[in-house]
Amino acid sequence: MSVALTSSAVPTSTRSDKVRVMVVDDSVVIRGMISRWIGAEPDMEVVASLRTGLDAVNQLERINPDVAVLDIEMPDLDGISALPQLLAKKRDLVIIMASTLTRRNAEISLKALSLGAADYIPKPESTREATAAETFRHDLIQKIRHLGAKARRSTVHTTASPPLAPRTGLAPVAAPAAPAQIARRSFGLLQPKVLLIGSSTGGPQALMSLVAEIGSVIDRVPVLVTQHMPPTFTTILAEHLARASKRPAHEGIDGETIRPGQIYLAPGGRHMRIARHGIDATIALDDGPPVNFCKPAVDPMFTSAIDVWAGSIMSVILTGMGSDGMRGGKDIVAAGGSVIAQDEATSVVWGMPGAAVNAGICAAVLPLNQIGSKLVRVFAGDRS
């Protein structure tokens, strides 16, 4: 898949405005490849290319990067060990963990998010495979661009401010001001029969926080989740969601019946749609092309649910880059359902929820820690 990385939407920058990136990987091939990609972008620059986590920790203050692309498996000091040391020295450093698609690395990547990493990215098994390398390039550049630019804005806004609390991985360093006016719709009149959730960057931690608060909702209706995530990672995330919610959670299986009391997660690399089979709603996995550059994508799940539940749908759009979920959310609202979006202050990236808010389709725009209680009230009959 060929993806254009620069366009009129990509900002042009002076040298002082560029996002400063430190690449840390023990592979000289990977370091060189990532450095070339970053060097070709007008709004970012590589300020260091290092072989080990120990080099990164020792040289961090001198280099002063905005973003670190940090490999997990390295000699001397691996990525997960270097992570807390880097954040201790520079608490607003954006760290993107990079790893190959193994179960162990997926576990480590999710642990890294809980320790303060901003995001993760899977490295292709072979950089010679054109499609995998191009997808990796597109995703990496977009993550650096959005997370790095936000970090630079936060640094400017907080230069003269008192120290903030340590990062948790759930939210950006500084909370931007919310829009002065946000148009909100009324909640749908019908009792929701399903909860649909879409998320991307920052989503794993947000999801684990949310499902821990909505046990009564899960017991009442099925919960279907699409998180932008590759294979293996979704397997691990489903296990984490089961532990956090104390309810069954697993990757959706093609053809399985959807039942209340369960959390169904779209498996990495496949879209999860909903279909009707007789009187039952079932999972329909789709191996079609990416939607909104994503696979799985939120829009196919949202839109397909309308054919099954019509206006009895409650949907939530959590933190994430891009606008995935907005078009499907419009369809849900047009059918009589409702959309809740995470607010800007608690989103790691206010792309997906921001797109929904700006489209005027949301019945509520809430901080992450208020979404769960709102859902409990809505599913108990409160439409206010």
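Preceding this section is the structure that the text describes.
Summary of the structure given here. Everything numeric here is computed off the predicted structure, so don't read it as measured data. (Residues numbered from 1 in each chain as written. Predicted model: local features only at pLDDT ≥ 70, side-chain atom pairs only at ≥ 80, totals over all residues. Heavy atoms only, no water.)

1. Regarding the overall build of the protein
Broken down by element type, the protein carries 12 helices and 14 strands. When each of the 384 residues of the protein is scored for burial, the buried share is 56%. For the protein, contacts bridging at least 24 residues in sequence account for 76% of all contacts bridging at least 6. (Helix = DSSP H or I, 4+ residues; strand = E, 2+ residues; numbered from the N terminus. Buried < 20%, exposed > 50% of the residue type's maximum accessible area, 1.4 Å probe, protein only. Contact = heavy atoms within 4.5 Å.)

2. Describing the nonpolar core
Membership of the largest hydrophobic core comes to 63 residues, with the highest contact counts inside it found for Met22, Leu86, Leu195 and Leu375. Contact partners of Leu375, with chain neighbours within four places excluded, come to Leu195, Leu210, Ile214, Val217, Met314, Val316 and Ile340. In terms of nonpolar packing, the next biggest core, distinct from the first, is built from 32 residues, Phe302, Val339, Ala341 and Met352 among them. (Core = buried A, V, L, I, M, F, W, Y, C linked by side-chain atoms within 4.5 Å.)

3. Structural notes on the sheet that holds strand E8 (residues 249–251)
In space, the 7 strands of this open sheet follow the order E8-E9-E7-E6-E12-E13-E14, with parallel pairing throughout. Two strands in the sheet have a free side with no partner beyond their single neighbour: E8 and strand E14 (364–366). Ignoring strand direction, the axes of neighbouring strands in this sheet form an average angle of 20 degrees. Across the sheet, helix H9 (residues 298–309) touches strand E6 (194–199), strand E7 (223–227) and strand E12 (313–317), and the angle it forms with E6 is around 165 degrees. (Pairing = 2+ DSSP bridges. Axes fitted to C-alpha atoms, helices over the stretch in contact; angles between N-to-C directions.)

4. Some points on the sheet that holds strand E3 (residues 67–71)
Pairing in this open sheet of 5 strands is parallel, and the strands run E2-E1-E3-E4-E5 from one edge to the other. Of all strands in the sheet, those with a lone pairing partner are strand E2 (44–50) and strand E5 (119–122), marking the two edges. Here the average twist between neighbouring strands, direction ignored, is 25 degrees. Relative to E5, strand E4 (residues 94–99) is paired through 4 bridges, and the arrangement is parallel. Bridge pairing in E5 places Ala98 opposite Ile121.

5. Structural notes on the pairing of E2
Two strands pair when backbone bridges link them, and strand E1 (residues 19–24) and E2 are joined in this way by 6 bridges, in the parallel orientation. The residue of E2 that forms the bridge with Val23 is Ser49. With respect to chirality, the unit in which E1 leads through helix H1 (residues 28–39) into the neighbouring parallel E2 is right-handed. (Right-handed = clockwise from strand over helix to strand, strands pointing away.)

6. What to know about helix H4 (residues 103–114)
Each turn of an α-helix holds 3.6 residues, which means side chains three or four residues apart point in the same direction. For H4, spanning 12 residues, the distance from its first C-alpha to its last is 17 Å, which sits close to the expected 16 Å at 1.5 Å a residue. Among the residues trailing H4, Gly116 stands out with phi positive, at a value near 120 degrees. (Expected span 1.5 Å × (residues − 1).)

7. Here's the deal with the environment of Ile96
Mapped onto the elements, Ile96 comes out in strand E4. Overall, Ile96 belongs to the buried group, its relative accessible area being 0%. For Ile96 and Ile121, which are 25 residues apart along the polypeptide, the C-alpha to C-alpha distance reads 6.9 Å.

8. What about the side chain of Thr201?
One can find Thr201 in the loop between E6 and helix H6 (203–211). Those residues within four positions of Thr201 in sequence are excluded, and the remaining contacts are Ala118, Asp119, Lys143, Leu147, Thr319, Gly320, Met321, Val348 and Val349.

9. Digging into the environment of Ala242
Note that Ala242 resides in helix H8 (residues 233–245). Residues Ala242 and Val211, spaced 31 residues apart in sequence, show a C-alpha to C-alpha distance of 8.8 Å. When near neighbours in sequence (up to four residues on either side) are disregarded, Ala242 contacts Arg247 and Ala249.

10. Quick word on unusual backbone geometry
Residue Lys295 is joined to Pro296 through a cis peptide bond whose omega torsion reads 15 degrees. Among the secondary structure elements, Pro296 is positioned in the loop between strand E11 (280–286) and H9. The backbone of Asp76 shows a phi angle near 70 degrees, a positive value even though the residue is not glycine. Mapped onto the elements of the fold, Asp76 is located in the loop between E3 and helix H3 (79–89). A positive phi angle is found at Phe293, which is not glycine, with a value near 65 degrees. With respect to the helices and strands, the residue Phe293 is situated in the loop between E11 and H9.

11. Details of the pattern of salt bridges
On inspection of all chains with the given rule, the structure shows 12 salt bridges. Its salt-bridge partner being Glu41, residue Arg145 comes within 2.8 Å of it at the nearest N-O pair. Of this pair, Arg145 sits in helix H5 (residues 130–157) while Glu41 sits in the loop between H1 and E2, placing them 104 residues apart in sequence. Judged by its relative accessible area of 9%, Arg145 falls in the buried class. Across the pair Lys295 and Asp287 runs a salt bridge, and its minimum N-O distance is 2.9 Å. A residue is classified by how much of its surface remains accessible, and Lys295, at 25% relative accessible area, is partly exposed. Among the residues examined, Asp287 registers a relative accessible area of 55% and is labelled exposed. The network of salt bridges with shared partners includes Asp25, Asp71 and Lys123. (Salt bridge = Lys/Arg side-chain N within 4 Å of Asp/Glu carboxyl O.)

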